[in-house]
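Residues per chain, in single letters:
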Amino acid sequence: MIIPKVSVVGAGFVGTMVAQRIVEHDLAQVVLVDIVEGMPQGKALDIAQSAGIEGFDAKIRGTNDFSEIRGSRIVVVTAGFARLPGMSREELAAKNGQIIQSVTEKIKTQAPECILLMVTNPVDVMTQLAWKVSGFPVHCVIGMGGVLDSARYQLFLAEELGVAPREIEALVLGGHGDSMVPVGRCTTLKGVPVSQLLKPERLRAIIERTKSGGAEIVGLLKTGSAFHAPSAAVFVMVEAILRDSKRVVPASTYLDGQYGIRGCFIGIPVKLGAAGIEGRYEIELTAEERDALRRSAGLVQKTFKELHIS
Ligand code: APR
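Residues numbered from 1 in each chain as written. Predicted model: local features only at pLDDT ≥ 70, side-chain atom pairs only at ≥ 80, totals over all residues. Heavy atoms only, no water.

**Quick word on unusual backbone geometry**
Move 1: Cis geometry is found at the peptide bond from Asn121 to Pro122, where omega equals -5°.
Move 2: For Lys246, which is not glycine, the phi dihedral falls at a positive 60°.
Move 3: Note on placement: Lys246 falls in the loop between helix H9 (228-242) and strand S12 (247-256). (Helix = DSSP H or I, 4+ residues; strand = E, 2+ residues; numbered from the N terminus.)

Laid out in structure tokens, this is it:
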């Protein structure tokens, strides 16, 4: 059996955890790339040394050389700065934009056939940038945001309702984080909309907590941002693509008219399979949700324009 290759660019907290999850599940062989000399090699070796204990066969190696990503089915991009307390997503965009531009150029040269899975924040803007720089087809460039926002929403709702998080079905669209758009009708406990189970003010408070879910963790960690749940979200997306499972998840994709939005990456439900994004779904929204989604897309477009990429 030929085991697929997945490269992870950025061997920081998120990248390392993504790599670890992938090899521990024997899903793919992993190449971990970073600009810091010795660091990806050291981290990859450390993970590899757990193989005998964990019982996995998948190989992992670290490198500073982008030519080693050749032949990757998927390249996960986590390179860049994590948000610090008080830093806005716009400030982060300016810093990470330069890194994503240079990393994408290298990926385009070394792995032109790959599916690009973007994680670096602000993810919708960075995904749009990577798409533009790479020239890859739309279905090959995906941003991870909605799976994480939905999981955060799921947890907070589950805690409030006293049930297991997996009993909650939660759908979150729009930009990742602050400008996300929860879809009321599609957020249920075993099919019952949570709006029927919670007082409106409690539901509003949970939505607000979910929106600032990333910032809450940044505030607590002080020197970095979330990586456990983000890496879990990346893992399910990588798995869906490699196993061609046709899972439907919210993810950042290019809209060309859906939901009345054109020319921008934003989170909507997509079908993930071997070709990357194999379907994009337009679900019915209330007027309020539709407006919120358009506002969210407007913010992505504004931040992208401020990067001054022609
Ligand atoms: N090429 C390769 N790696 C790079 C480059 C580059 N040009 N520039 C920076 N990196 C690496 C850094 O050396 C660092 O090891 O990216 C890594 C980022 O790791 P962390 O600082 O630990 O950040 P992390 O918590 O992993 O978050 C990475 O994911 O969730 C998002 O908001 C988060 O944008 C952030 C990204």
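Resuming the write-up.
**Structural notes on the domain arrangement of the protein**
Interfaces are often described in size by the accessible area the parts lose on coming together.
Move 1: You can read the domains of the protein as domain 1 (5-143) and domain 2 (146-305).
Move 2: Just the C-alpha atoms count here: the centres of domain 1 and domain 2 sit 22 Å apart.
Move 3: Summed over both partners, the interface of domain 1 with domain 2 comes to about 3,500 Å²; 72% of that surface belongs to carbon and sulfur atoms.
Move 4: Considering only the surface of domain 1 that becomes buried against domain 2, Leu27, Asp124 and Gln128 emerge as the three largest contributors, covering 19% of it.
Move 5: Inspection of the domain 1/domain 2 interface yields 0 salt bridges.
Move 6: The interface formed by domain 1 and domain 2 includes 10 residue pairs in polar contact (both at pLDDT 80 or more).
Move 7: Put simply, the parts of the chain that give the side of domain 1 that touches domain 2 at least two residues each are helix H1 (13-24), strand S4 (74-77), helix H4 (89-110), strand S5 (115-118), helix H5 (123-134) and strand S6 (141-143). (Domains from an automatic or database assignment. Buried area = accessible area lost by both parts, 1.4 Å probe. Salt bridge = Lys/Arg side-chain N within 4 Å of Asp/Glu carboxyl O. Polar contact = N/O pair within 3.5 Å; in protein donor to acceptor, adjacent residues only side chain to side chain.)

**Some details on the pairing of S4**
Move 1: Burial along S4 is two-sided: the face carrying Ile74 and Val76 and the face carrying Val75 and Val77 are both buried.
Move 2: Bridge count between strand S1 (residues 5-9) and S4: 4 bridges; the pairing is parallel. Counted as the bridge partner of Ser7 is Val75 from S4.
Move 3: As paired strands, S4 and S5 are joined by 4 bridges and run parallel to one another. Along S5, the bridge assignment pairs Ile74 with Ile115.
Move 4: Tracing the backbone out of S4, into H4 and back to the parallel element S5 gives a crossover that is right-handed. (Buried < 20%, exposed > 50% of the residue type's maximum accessible area, 1.4 Å probe, protein only. Pairing = 2+ DSSP bridges. Right-handed = clockwise from strand over helix to strand, strands pointing away.)

**A closer look at the side chain of Asp124**
Move 1: Secondary-structure assignment places Asp124 in helix H5.
Move 2: In this structure Asp124 comes out as buried when scored by relative accessible area, which is 6%.
Move 3: Reaching out from Asp124, the side chain makes a polar contact with the backbone nitrogen of His176 at a distance of 2.8 Å.
Move 4: For Asp124, the contacting residues outside a window of four places in its chain are Gly174, Gly175, His176, Ser252, Phe265, Ile266, Gly267 and Val300. (Contact = heavy atoms within 4.5 Å.)

**Points about the environment of Met144**
Move 1: On the secondary structure map, Met144 appears in the loop between S6 and helix H6 (146-161).
Move 2: In the structure, Met144 is positioned 26 residues away from Met118 in sequence and 6.1 Å away in space, judged by C-alpha atoms.
Move 3: Ignoring sequence-local partners within four residues, the contact set of Met144 consists of Leu117, Met118, Val119, Val123, Pro230, Ala233, Val234 and Met237.

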